[in-house]
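Okay, here's what each chain looks like letter by letter:
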Protein chains: 2
Amino acid sequence: MPKPEPKSDPGRFAYGGLERVIHERARLSILASVAAHDGGLLFTELKGLCQLTDGNLSRQLTTLAEAGLVETWKGTRNGRPQTLVKLTAAGRKRFADYIAELEAVVTDARRSAAAPTGRTRPSTA
Amino acid sequence: MPKPEPKSDPGRFAYGGLERVIHERARLSILASVAAHDGGLLFTELKGLCQLTDGNLSRQLTTLAEAGLVETWKGTRNGRPQTLVKLTAAGRKRFADYIAELEAVVTDARRSAAAPTGRTRPSTA
């Protein structure tokens, strides 16, 4: 049975590892996409996978590139200009660290949900 | 062995369940704290657990209360005015839904990290 959480453990729920540049939902979505596609993704593919507009995707990619998390490559495919987006090595490491912190959030929440509440609980359907 | 992710599965990494009002780090921190303390937390306890300033905690609590996720109670303890913060029933449900989506992010990222990359991988130390 989980122990009740103490009420004074400084920063116990601060989740400092949730790096702001990664945590924003659109950027998290982009990073999860490129992390899952080792060869990189085209701008148009990313747009679809993340359901972002051109403008928003462009802005977020600039932010992520400036933070050193992704790199973008300009090229052509079938004669048409394309942008390829890849996770950097540093980006892969920082994304992994971020995900480890997310796991801590999930673990905390699961433990809370499992803890006895002293109230009547709905039967598990 | 995990299948490679297709590059065109609309919204596959959009994570629409990451509700903005919950996802912001300070608010996520507050919600995780109160979710772990069924009887609620005093403002001062929350401040410590989340490592937030008075001003920031106040603002975030207003946002969370307006969104129906938490409720605040004014009272006194040992003669001193105090604020007690509790998760609402709706807040508990929405926080659980949010956490389920976070778990999907973690699962996606873990699968990416486990997928063969065709590159030399560092030996696991």
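Definitions and cut-offs
- Residues numbered from 1 in each chain as written.
- Chains lettered and ligands numbered in written order.
- Predicted model: local features only at pLDDT ≥ 70, side-chain atom pairs only at ≥ 80, totals over all residues.
- Helix = DSSP H or I, 4+ residues; strand = E, 2+ residues; numbered from the N terminus.
- Buried ≥ 20, exposed ≤ 12 C-beta atoms within 10 Å, placed from the backbone.
- Contact = placed C-beta atoms within 7 Å.
- Nonpolar A, V, L, I, M, F, W, Y, C, P; charged D, E, K, R; others polar.
- Pairing = 2+ DSSP bridges.
- Least-squares fit on C-alpha atoms with pLDDT ≥ 70 in both.
- Axes fitted to C-alpha atoms, helices over the stretch in contact; angles between N-to-C directions.
- Arc of directions from axis to C-beta.
- pLDDT = per-residue confidence, 0-100.
- Expected span 1.5 Å × (residues − 1).
- Core = buried A, V, L, I, M, F, W, Y, C linked by C-beta atoms within 7 Å.

Asks: Kindly report on the overall build of chain A, identifying the contributing residues and their values.
Replies: When its secondary structure is counted, chain A shows 5 helices and 3 strands. Mapped in sequence order, the helices and strands of chain A form the string α-α-β-α-α-β-β-α. Burial statistics for chain A: of 125 residues in total, 31% are counted as buried. Long-range contacts, defined as pairs at least 24 residues apart, comprise 52% of the intrachain contacts of chain A with a sequence gap of at least 6.

Asks: Tell me about the interface of chain B and chain A, and name the residues and values.
Replies: On the chain A side, the residues contacting the 40 residues of chain B number 40 residues. Counting only elements with at least two residues in the side of chain B that touches chain A, the list comes to α1 (20-23), α2 (25-35), α3 (43-50) and α5 (89-114) of chain B. Here the side of chain B that touches chain A takes 11 residues from α5(B), the largest share from any one element. For the side of chain B that touches chain A, the residue count by class is 20 nonpolar, 10 polar and 10 charged.

Asks: Account for the sheet that holds strand β2 (residues 70-77) of chain B, with residues named and values stated.
Replies: Residue and element names in this part refer to chain B. Taken in spatial order, the 3 strands line up as β1-β3-β2 in an open sheet, and their pairing is antiparallel. Here the strands that pair on one side only, and so sit at the sheet edges, are β1 (41-42) and β2. The pairing of β1 with strand β3 (residues 80-87) spans 2 bridges and is classified as antiparallel. Across the sheet, L42 pairs through a bridge with L84, a residue of β3.

Asks: Which residues make up the relation of the copies chain B and chain A, and what values do they have?
Replies: For the pair chain B and chain A, the best superposition has an RMSD of 0.0 Å and corresponds to a rotation of 180° with a translation of 0.0 Å parallel to the axis. This pairing of chains is accounted for by a two-fold axis. With an isologous cut-off of 70% or more, the 100% of interface residues of chain B that recur at the interface of chain A puts this contact in the isologous class.

Asks: I'd like a description of the sheet that holds strand β2 (residues 70-77) of chain A, backed by residues and values.
Replies: All names here are of chain A. If you walk across this open sheet you meet the 3 strands as β1-β3-β2, and the pairing is antiparallel. Either end of the sheet is taken by a strand with one partner, and the two such strands are β1 (41-42) and β2. Helix α4 (residues 54-66) rests against β2 and β3 (80-87) of the sheet, and its axis sits at about 125° to β2.

Asks: Can you tell me about helix α3 (residues 43-50) of chain A, naming the residues and giving the values?
Replies: Residue and element names in this part refer to chain A. By the burial criterion, the buried members of α3 are E45, L46, L49 and C50. The buried residues of α3 occupy an angular sector of 115° when projected down its axis, which confines them to one face. Of the surrounding secondary structure, the elements contacted by the buried residues of α3 are α2 (25-35), β1, α4 and β3.

Asks: Tell me about the confidence of the model for chain A, residues and numbers included.
Replies: Looking at chain A as a whole, the pLDDT averages 89, with 90% of positions reaching at least 70. Note that residues 118-125 of chain A has pLDDT below 50 and, in this model, 0 contacts with residues that lie over four places away or in other chains.

Asks: Explain helix α5 (residues 89-114) of chain A to me, using residue names and the numbers behind them.
Replies: Given a rise of 1.5 Å per residue, 26 residues ought to cover 38 Å, and the 37 Å separating the end C-alpha atoms of α5(A) matches this to within 8%. Looking only at α5(A), the buried set comprises A:G91, A:R94, A:F95, A:Y98, A:I99, A:L102, A:V105, A:A109 and A:S112. Residues of α5(A) that are buried in the fold lie against α1 (20-23), α2, β2 and β3 of chain A together with α2 and α5 of chain B.

Asks: Hey, could you go over the pairing of β3(B) for me, with residue numbers and the actual values?
Replies: All names here are of chain B. In this structure, β2 lies alongside β3, joined through 8 bridges in antiparallel fashion. For E71, the partnering residue across the bridge sits in β3 and is K86. Counting the residues between successive antiparallel strands, the hairpin from β2 to β3 contains 2 residues, one of them, N78, with a positive phi of roughly 50°.

Asks: Give a detailed account of the nonpolar core, specifying residues and quantitative values.
Replies: In a soluble, globular protein the nonpolar side chains are often hidden away together inside. The biggest cluster of nonpolar side chains holds 59 residues, and the ones touching the most others in it are A:L31 and B:L31. The residues contacting A:L31, other than those within four sequence positions of it, are A:I22, A:L69 and A:F95.

Asks: Provide a residue-level description of unusual backbone geometry, including the pertinent values.
Replies: In this structure, A:Y15 is a non-glycine residue whose phi angle is positive, near 50°. Here A:Y15 shows up in the segment before α1. What makes A:Y15 buried here is the crowd of 20 C-beta atoms within 10 Å. Positive phi outside glycine occurs at B:Q51, with the angle close to 55°.

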